Amino acid sequence: MVAHVSTVAFLGLEARGVEVQVQVAAGVPAFVIVGLPDKAVGESRERVRAALAAIGLSLPPKRITVNLSPADLPKEGSHYDLPIALGLLGAMGVVDAETLAGYVVVGELGLDGRVAPSPGVLLAALNASSRGLGLICPAAQGPEAAWAGSIEVIAAPDLLALLNHFRGGAALPPPLPGETAERVAGPDLRQVKGQEIAKRALEIAAAGGHNLLMSGPPGSGKSLLAACLPGILPDLTPSEALEVSMIASVAGELRGGRLARARPFRTPHHSASMAALVGGGLKVRPGEVSLAHLGVLFLDELPEFTRNVLDSLRQPLETGTVSVARANAHVTFPARVQLVAAMNPCRCGHLGDASLACARAPRCAADYQAKVSGPLLDRIDLHVEVLAVSAADLVLPPPAEGSAEVAARIAAARAIQTARYAGEAPRTNAEADGPLLDAVATPDDPGRKLLAQAAEAMRLSARGFHRVLRVSRTIADLAGQETVGRIHVAEALSYRRRAPAN
């Protein structure tokens, strides 16, 4: 007899249908799994054997063959345990095989029969919903699966409870969707003394989703400014929250089925590898740039990152996606992020301060800043110098305007952009491109004249030219102006990095 159970294989954010075919036939006793299983799938034999023994069942003394179809698709992960076990129970006649045909099954088995969590349950639930099937998953991930909509979800704590459910002994209650995660309170902009130019650049970056680089000596407040950014960004929309949660689900970071409404804020250490930052590894997983999708990727001490790791960000920053190519698979993850970076002007950090600068200046600064490639810097919209905070600034009372007031202006600017790009691919000004950018961000005549003069004087690249247009459009939105004027272009140009002289 052959039993069929549906499950999924994960390729990026795509869940591909996989059929688990289990045959119990006469012959020399054996338990074989075929269909390109990785080591974790191959080890399912022992977990399934032990889990069945834990509920008082033993494998029949026959030849058991498990085929994972399609056979040419690589199968990775421990979530195949439960579908293999249920397929085997169906082939043995313990569970009705026709009943199992109506579900997609995912879950890892413990040796005592418990059903343990496994990554990607939300994607599996969405796949089941699109196919008109129900879902069987671990009990701990029932709230996560319930976000997929009106599908039947059976969240089983262990294999015995699942068998009792199918036999009508004790039905498992349907899980409720997980609660929305509360926003974690962070630093307020009132804590930042001085630094009015940097705070203005941070507001522009948040309003339009622009990339930002802050350069300044140690202790000037660069990290504090970046930490204030989550407090002024608008919440994710419901569709964006689901999109972000799908990535977290694949990475195994969606705890308790809680969908986050706050935008991701990821801060990898400068020792991070390329696979950790952009994704990859032996089992392809999303990297930090994908986990920060629709949020912020903050890179502190930017020049301390390895050069090739930083340059691997150039393509994601331009396209909003990361493509990881392997010999047997090609995986794409979304990576529409806002890059915020901080760096010292030189290795000692005190360039320009005659009392503290090292004797190797300015060569020390040139060597240190050269660790960040020009093409990457060209993709950063706003470059701002964060000066050292004076003692006079530190003794001043907190500023009257804090994160709440700035967040209100940013929300108004984002609302303008939402209305402007309704029905279009871009969400913010930073994503606008091509004819759409020309239509919404072309300045008036004085603004065009200034931009043309500045582009020649500052030797702006074509990318830099268009990034000035995007920033100008955001500045105009913050001012509530429909037309981009000369003053908006002038401010945008003041944040642009000048090309080095020959």
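Residues numbered from 1 in each chain as written. Predicted model: local features only at pLDDT ≥ 70, side-chain atom pairs only at ≥ 80, totals over all residues. Heavy atoms only, no water.

1. Points about the sheet that holds strand E15 (residues 338–343)
Phase 1: Pairing is parallel in the open sheet, where 5 strands are placed in the order E11-E12-E15-E10-E16. Each edge of the sheet is formed by a strand with only one pairing partner; in this case those strands are strand E11 (265–266) and strand E16 (382–385).
Phase 2: Relative to E16, strand E10 (residues 212–215) is paired through 4 bridges, and the arrangement is parallel. Looking across to E16, one finds that Met214 is bridged to Val384.
Phase 3: Strand contacts of helix H8 (residues 196–208): E10, E15 and E16, with the helix running at about 165° to E16, the strand carrying the most contacts. (Pairing = 2+ DSSP bridges. Helix = DSSP H or I, 4+ residues; strand = E, 2+ residues; numbered from the N terminus. Contact = heavy atoms within 4.5 Å. Axes fitted to C-alpha atoms, helices over the stretch in contact; angles between N-to-C directions.)

2. With respect to the packing of aromatic side chains
Phase 1: For the structure shown, the criterion picks out 2 aromatic pairs.
Phase 2: An angle of 70° between the planes, with centres 6.0 Å apart, marks the rings of Tyr103 and Phe166 as edge-to-face. Here the residue Tyr103 occupies a position in strand E5 (residues 103–105), and Phe166 occupies one in helix H7 (residues 159–167), the gap between them amounting to 63 residues.
Phase 3: A centroid spacing of 6.2 Å and a plane angle of 20° characterise the contact between Phe265 and Phe298, whose relative ring orientation is stacked. Placement of Phe265 in strand E11 and of Phe298 in strand E12 (residues 296–299) is noted, with a sequence separation of 33 residues between them.
Phase 4: For Phe265, a relative accessible area of 27% corresponds to the partly exposed category.
Phase 5: The class of Phe298 is buried, set by a relative accessible area of 6%.
Phase 6: Lying across the ring of Tyr421, Arg420 places its NZ or CZ 5.7 Å from the centre. (Phe/Tyr/Trp six-rings, centres within 6.5 Å; stacked < 30°, edge-to-face > 60°. Buried < 20%, exposed > 50% of the residue type's maximum accessible area, 1.4 Å probe, protein only. Lys NZ or Arg CZ within 6 Å of the ring centre and 35° of its normal.)

3. With respect to helix H19 (residues 434–441)
Phase 1: Turning to H19, its buried residues number three or more, namely Leu437, Val440 and Ala441. Axial view of H19: buried residues confined to an arc of 80°, hence all on one face. In this structure, H19 carries Pro435 and Ala439 as exposed residues pointing more than 90 degrees from its buried face. (Arc of directions from axis to C-beta.)

4. Thoughts on helix H10 (residues 238–250)
Phase 1: With 13 residues, H10 extends 19 Å between its outermost C-alpha atoms, agreeing within 8% with the 18 Å of an ideal straight helix rising 1.5 Å per residue.
Phase 2: Next to the buried residues of H10 lie helix H5 (121–130), helix H6 (142–145), helix H12 (288–291) and strand E14 (330–334).
Phase 3: Gly252, located one to two residues past H10, shows a positive phi value of around 75°. (Expected span 1.5 Å × (residues − 1).)

5. Quick notes on the nonpolar core
Phase 1: In terms of nonpolar packing, the biggest core is built from 69 residues, with Phe31, Val66, Leu82, Leu86, Leu88 and Leu299 touching the most fellow members.
Phase 2: Looking at this core, the element that brings in the most residues is helix H3 (residues 81–92), giving 7 residues.
Phase 3: Phe31 has contacts with Arg45, Val48, Arg49, Leu59, Ile64, Val66, Ile84 and Leu88, leaving out every residue within four places of it along the chain.
Phase 4: Among the nonpolar cores identified, the runner-up in size contains 50 residues, and Leu212, Val386, Val406 and Ala407 belong to it. (Core = buried A, V, L, I, M, F, W, Y, C linked by side-chain atoms within 4.5 Å.)

Any functional reading would require information beyond the geometric quantities listed.
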